[in-house]
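What follows is the residue order along each chain.
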Amino acid sequence: MDIIELLKSAFLGLVEGITEWLPISSTGHMILVDEFISLNVTKEFWSMFQVVIQLGAILAVCVYFFHQLNPFSPSKGPEGRRATWTLWGKIIVACIPAAVIGILFDDFMEEHFYNAPVVAAALIVYGVAFIVIERWRAHKLEVRVAAEGVRPGSRPAGAHFARPAEDTEPTEGGDFGSITRLEDLPWSTALGIGVFQVLSLIPGTSRSGSTIIGGLLLGTTRSVAAEFTFFLAIPVMFGASALRLGKYVFLDGGTFGMNEISIMVVGCVVAFLVSLVAIKWLMGFVRRHTFTAFGIYRIVLGALVLAYFFVIGPMSGLV
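Cut-offs used in this document
- Residues numbered from 1 in each chain as written.
- Predicted model: local features only at pLDDT ≥ 70, side-chain atom pairs only at ≥ 80, totals over all residues.
- Heavy atoms only, no water.
- Helix = DSSP H or I, 4+ residues; strand = E, 2+ residues; numbered from the N terminus.
- Rg over C-alpha atoms; globule rule 2.2 N^0.38 Å.
- Buried < 20%, exposed > 50% of the residue type's maximum accessible area, 1.4 Å probe, protein only.
- Contact = heavy atoms within 4.5 Å.
- Areas by Shrake-Rupley, 256 points an atom, 1.4 Å probe, with all protein chains shown as cover.
- Lys, Arg positive; Asp, Glu negative; His and termini not counted.
- Charge placed at Lys NZ, Arg CZ, Asp CG, Glu CD.
- Axes fitted to C-alpha atoms, helices over the stretch in contact; angles between N-to-C directions.
- Parallel < 35°, antiparallel > 145°, perpendicular 65-115°, else oblique.
- Nonpolar A, V, L, I, M, F, W, Y, C, P; charged D, E, K, R; others polar.
- Disulfide = S-S within 2.5 Å.
- 1 Å grid on protein atoms, 1.4 Å probe; cavity = no way out; pocket = protein on both sides within 12 Å on 5 of 7 lines; lining within 4 Å.
- Points joined across faces, edges and corners; volume = space filled by probe spheres on them.
- Salt bridge = Lys/Arg side-chain N within 4 Å of Asp/Glu carboxyl O.
- Phe/Tyr/Trp six-rings, centres within 6.5 Å; stacked < 30°, edge-to-face > 60°.

1. Things to note about the overall build of the protein chain
Here is step 1 of the chain: Secondary structure summary: the protein chain contains 13 helices and zero strands in total.
Here is step 2 of the chain: Its helices and strands in sequence order give the protein chain the pattern α-α-α-α-α-α-α-α-α-α-α-α-α, from N to C terminus.
Here is step 3 of the chain: Rg of the C-alpha trace for the protein chain: 21 Å, near the compact-globule value of 20 Å for 319 residues, within the 12% margin.
Here is step 4 of the chain: Taking all 319 residues of the protein chain together, the buried fraction comes to 48%.
Here is step 5 of the chain: Of the contacts made within the protein chain by residues no fewer than 6 positions apart, 76% connect residues no fewer than 24 positions apart.
Here is step 6 of the chain: Taken as a whole, the protein chain presents about 15100 Å² of accessible surface, with 69% of it coming from carbon and sulfur.
Here is step 7 of the chain: In the protein chain, 22 positive and 25 negative side-chain charges are present, and the distance between their average locations comes to 10 Å.

2. Quick notes on the packing of helix 11 (residues 222-251) against helix 12 (residues 258-288)
Here is step 1 of the chain: Where helix 11 meets helix 12, the axes come as close as 8 Å, and the angle between the chain directions of the two elements is 155°. As the angle between them shows, helix 11 and helix 12 are arranged roughly antiparallel. Here Arg-222, Ser-223, Ala-226, Glu-227 and Phe-230 of helix 11 come into contact with helix 12, specifically with Ile-279, Leu-282, Met-283, Val-286, Arg-287 and Arg-288.
Here is step 2 of the chain: The residue inventory of the contact of helix 11 with helix 12, partitioned by class, reads six nonpolar, one polar and four charged.

3. Remarks on the state of the cysteines
Here is step 1 of the chain: Inspection of the entire model under this criterion finds zero disulfides.
Here is step 2 of the chain: Counting only cysteine sulfurs, Cys-95 is the nearest neighbor of Cys-62, a cysteine outside any disulfide, at a range of 12 Å.
Here is step 3 of the chain: Judged by relative accessible area, which is 23%, Cys-62 ranks as partly exposed.

4. Topic: empty space enclosed by the protein
Here is step 1 of the chain: Inspection of every chain in the model, using the stated rule, returns one cavity of 30 Å³ or more.
Here is step 2 of the chain: In this structure, the largest cavity spans a volume of roughly 30 Å³.
Here is step 3 of the chain: Lining the largest cavity are Glu-44, Ser-47, Met-48, Arg-244, Lys-247, Tyr-248 and Asp-252.
Here is step 4 of the chain: Put simply, the parts of the chain that give the lining of the largest cavity at least two residues each are helix 3 (43-52) and helix 11.

5. Observations concerning helix 4 (residues 54-64)
Here is step 1 of the chain: Of the residues making up helix 4, those classed as buried are Gln-54, Gly-56, Ala-57, Ile-58, Ala-60 and Val-61.
Here is step 2 of the chain: Elements in contact with the buried residues of helix 4: helix 1 (3-19), helix 2 (26-33), helix 3, helix 5 (66-69), helix 11 and helix 12.

6. Focus on the pattern of salt bridges
Here is step 1 of the chain: Under the counting rule described, the total for this entry stands at nine salt bridges.
Here is step 2 of the chain: Here Arg-207 ties to Glu-20 by a salt bridge, and the two come within 3.9 Å at their closest N and O atoms. Of this pair, Arg-207 sits in helix 10 (residues 207-217) while Glu-20 is found in the loop between helix 1 and helix 2, placing the two residues 187 residues apart along the sequence.
Here is step 3 of the chain: A salt bridge links Glu-134 to Arg-137; its shortest N-O distance comes to 3.6 Å. In this pair, Glu-134 and Arg-137 are both assigned in helix 7 (residues 116-148), three residues apart and thus about one turn of the helix distant.
Here is step 4 of the chain: With relative accessibility at 5%, the residue Glu-134 sits in the buried group.
Here is step 5 of the chain: The class for Arg-137 is buried, based on a relative accessible area of 4%.
Here is step 6 of the chain: What you see here is one network of salt bridges that share partners, running through Asp-106, Asp-107, Glu-110, Arg-244 and Lys-247.

7. Regarding the packing of aromatic side chains
Here is step 1 of the chain: Summed over the entire model, instances satisfying the criterion amount to 18 aromatic pairs.
Here is step 2 of the chain: Plain terms: the ring middles of Tyr-64 and Phe-65 are 4.9 Å apart, the flat faces sit at 70° to each other, and that makes the pair edge-to-face.
Here is step 3 of the chain: Assessed through its relative accessible area of 36%, Tyr-64 is described here as partly exposed.
Here is step 4 of the chain: Among the aromatic residues, those joined into a ring-pair cluster are Trp-21, Tyr-64, Phe-65, Phe-230 and Phe-231.

Nothing here speaks to function; it is geometry throughout.
Structure follows, in structure tokens:
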């Protein structure tokens, strides 16, 4: 085992754990990091590693939301168990579009889209999308406040007082939408969010970013969009990892020695631990803040990527 390679793997796990859940594209970051910190492995192993390392991140979701996702929880009654099974049904339905497109076009996308220009373009385009959508939502909130006299965090008067404030009114962070609870997410909206998830097959888009944008456009609050995004990742990532592992072993003829196994384990463990922190942080963040900051980050990063690969790199001989 090479300690340097393990340290590289740990750093990649750190990047994966942070960027998988923030709407800034984990795959895009992994591709970019590889330009500066490359594992001493085969091209086939690297292609598989940057997908399978996501297993560590997804296990963090399973642990963090274990009670909510577990239909066999002893503390849940018949109604709670039915609600959990219904949630899983919506998750599976939402995963169908990306699963179909991913299986059919996996090789094509890996060959044509896994490069710096595509990543940079996706970072910028969806960064702009986040800013535009949040400004549109802010305008809707201003119109609603002007028309109804509703203030963020306030309770309505009269008959409406009996309803929970969070179900009807925007929060102090301006988080509002017609779908304020995950339990109220319609099947059609779940499928619609799944269609938006197809966009994330292009590296640099961000799986969480595309599904959150879909949720916001389809009427969910930021917190509902983020939470459903976490849950959608479970079958998607397990499926993508199984697909890449199968391709690596059966099509590419790849093998796992002690070095490869160690790299995989270290990367996944670090991604798992970092993801626990990132998920908790993001769930708190979206209740109080918009996604505008992530949009700005994406635009700046995309511009830096273009500058490096088309100006700085060629001039310095690094690219």
